[in-house]
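Here are the chains, one letter per residue:
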Amino acid sequence: MPVASLDLDLEVFQGPFDLLLTLVLKEEVDLREVDLAEVVLAYIDHLEAQGELDLEATTEFLVLIAALLELKSRLILPREEEEEIDLPQDEAADELLARMLEYTRYRRAASWLHEQLSDESGFRYRSAPLPPELRRVSVDLAEKSYEPVKLAEALGGLLRKPEPLTLRHMATPIVSVEQRLSVLRGLLARSRSFSFDEAVRGADRLTEAMTLWALLELYKQGEAQWQQDENFGPIRVSAP
């Protein structure tokens, strides 16, 4: 239950709790005349009526009541030297306002941390060090990497422009649909029927893919038909 929805019926005040705080801050109600025990009992009655406990609202209420109790005690209790404390009302109101603002600041910080934790709930970082058998370098070598000279060399290497990437050392297989069409037509001309595995035996994945496209082209043009009796079973290609 929000604190603002708490209605009070006291000797010096009648209305919502947030209005009482406002009047205390504006010095329109003397804090020494407010029975804070009745305020606490009224809040407990409201909690029982609601049947549930809102920890956030209850924490806010406890903070405000604690601040009011401390300020009221300063106003009415004597010092150790049996001298009464004559704390001006405006100073007490300012301190209460500062307590409320500080509580609001910490509450917003806690809310922000909760949002950050929720956003990063899918990421969990390892806090324990790697076991020795999985380390690529020793701890001594790793510590040396933090030396200023080695760190500067490492950063300098990152700033160097890398050489252009070249793929000349890689052989790029070139397989066209036309080439596979010629192979499939040759198989149909010789045997009138063959399996797909026979057409791609010993071929790489690119050739297998091009062979499938070529087979679809033959089917589209009405030059071949195929049959597969079961899922993932052999495919039999034949002339129409």
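Conventions used here
- Residues numbered from 1 in each chain as written.
- Predicted model: local features only at pLDDT ≥ 70, side-chain atom pairs only at ≥ 80, totals over all residues.
- Heavy atoms only, no water.
- Helix = DSSP H or I, 4+ residues; strand = E, 2+ residues; numbered from the N terminus.
- Axes fitted to C-alpha atoms, helices over the stretch in contact; angles between N-to-C directions.
- Parallel < 35°, antiparallel > 145°, perpendicular 65-115°, else oblique.
- Contact = heavy atoms within 4.5 Å.
- Nonpolar A, V, L, I, M, F, W, Y, C, P; charged D, E, K, R; others polar.
- Expected span 1.5 Å × (residues − 1).
- Buried < 20%, exposed > 50% of the residue type's maximum accessible area, 1.4 Å probe, protein only.
- Arc of directions from axis to C-beta.
- Phe/Tyr/Trp six-rings, centres within 6.5 Å; stacked < 30°, edge-to-face > 60°.
- Pairing = 2+ DSSP bridges.
- Salt bridge = Lys/Arg side-chain N within 4 Å of Asp/Glu carboxyl O.
- Left-handed = near helix turned anticlockwise from the far one by under 90°.
- Polar contact = N/O pair within 3.5 Å; in protein donor to acceptor, adjacent residues only side chain to side chain.
- pLDDT = per-residue confidence, 0-100.

Novice: Tell me about unusual backbone geometry, residues and numbers included.
Specialist: Trans peptide bonds make up most of the peptide bonds, and negative phi angles are found at most residues other than glycine. In the Ramachandran plot, Arg192 falls in the positive-phi region, its phi being about 65° despite a non-glycine side chain. In this structure, Arg192 sits in the loop between α7 (177-191) and β3 (193-195).

Novice: Could you give me a rundown of the packing of helix α2 (residues 36-50) against helix α3 (residues 55-76), with the residues and numbers involved?
Specialist: Think of two packed helices as two axes; the pair is described by the angle between the axes and how far apart they sit. Look at α2 against α3: their axes get within 11 Å of each other, and the N-to-C directions meet at 170°. By the angle class used here, α2 and α3 are roughly antiparallel. Residues Leu36, Val39, Val40, Tyr43 and Leu47 of α2 touch α3, and the partners they reach there are Ala57, Thr58, Phe61, Ile65, Leu68, Leu69 and Lys72. A per-class count over the contact of α2 with α3 returns 10 nonpolar, 1 polar and 1 charged.

Novice: Summarise α2; cite the residues concerned and give the values.
Specialist: Given 3.6 residues per turn, any residue in an α-helix points the same way as the ones three and four places further on. In a regular helix each residue adds 1.5 Å, so 15 residues correspond to 21 Å; α2 covers 21 Å between its end C-alpha atoms and thus fits that length. Along α2, the residues that are buried comprise Leu36, Val39, Ala42, Tyr43 and Leu47. Here the buried residues of α2 occupy an arc of 140° about the axis, which is enough to place them on one side. Among the exposed residues of α2, those pointing more than 90 degrees away from its buried face are Leu41, Glu48 and Ala49. Positive phi shows up at Gly51, right after α2, with a value of about 80°.

Novice: Describe the packing of aromatic side chains, naming the residues involved and giving the relevant values.
Specialist: Summed over all chains, the structure comprises 1 aromatic pair. Ring centres 4.8 Å apart and planes at 50° place the aromatic pair Tyr219 and Trp226 in the tilted group.

Novice: Tell me what's going on with the sheet that holds β3, and back it up with residues and numbers.
Specialist: Strand order in the open sheet made by the 3 strands is β3-β5-β4, with antiparallel pairing throughout. One side of each edge strand has no neighbouring strand; the edge strands of this open sheet are β3 and β4 (225-227). The sheet shows a mean angle of 25° between the axes of neighbouring strands, direction not considered. For β3 and strand β5 (residues 236-238), the ladder comprises 3 bridges, and the chain directions are antiparallel. If you follow Phe194 over to β5, its bridge partner there is Val237. Against the sheet, α7 makes contact with β3 and β5, and its axis sits at roughly 130° relative to β3, the strand it touches most.

Novice: Pulling in residues and values, what's your account of the pattern of salt bridges?
Specialist: Oppositely charged side chains may form a pair once their charged atoms are brought near each other. The final tally for this structure, using the stated rule, is 1 salt bridge. Here Arg185 makes a salt bridge to Glu223, at a shortest N to O gap of 3.0 Å. Of this pair, Arg185 sits in helix α7 while Glu223 sits in the loop between α9 (205-220) and β4, and the two are 38 residues apart along the sequence.

Novice: Explain the packing of α7 against α9 to me, and be specific about the residues and the numbers.
Specialist: For the pair α7 and α9, interaxial distance at closest approach is 8 Å and the crossing angle is 65°. In this view, α7 runs roughly perpendicular relative to α9, as classed from their interaxial angle. As α7 runs across α9, the sense of the crossing is right-handed. Here α7 contributes Val177, Arg180, Leu181, Leu184, Arg185 and Leu188 to the contact with α9, which in turn contributes Thr207, Met210, Thr211, Trp213, Ala214, Leu215, Glu217 and Leu218. Its residues placed into classes, the contact of α7 with α9 shows 9 nonpolar, 2 polar and 3 charged.

Novice: So, the environment of Asp229: which residues are in play, and what are the values?
Specialist: Looking at the secondary structure, you find Asp229 in the loop between β4 and β5. Of the residues examined, Asp229 reaches a relative accessible area of 70% and is grouped as exposed. Looking at Asp229, its side chain comes within polar contact range of the side chain of Gln227, at 3.0 Å.

Novice: Help me get a handle on the side chain of Thr211, residues and values and all.
Specialist: Relative to the assigned elements, Thr211 resides in helix α9. On the basis of relative accessibility, which here comes to 0%, the residue Thr211 falls in the buried class. Apart from residues no more than four positions distant in its own chain, Thr211 is found in contact with Arg180, Leu184, Phe196, Ala199 and Val200.

Novice: If you had to explain the confidence of the model for the protein chain to someone new, which residues and values would you point to?
Specialist: Averaged over all residues, the pLDDT of the protein chain is 77; the fraction at 70 or higher stands at 81%. Per-residue pLDDT stays below 50 along residues 81-87; that stretch engages in 9 contacts with residues further than four places along the chain or on separate chains.

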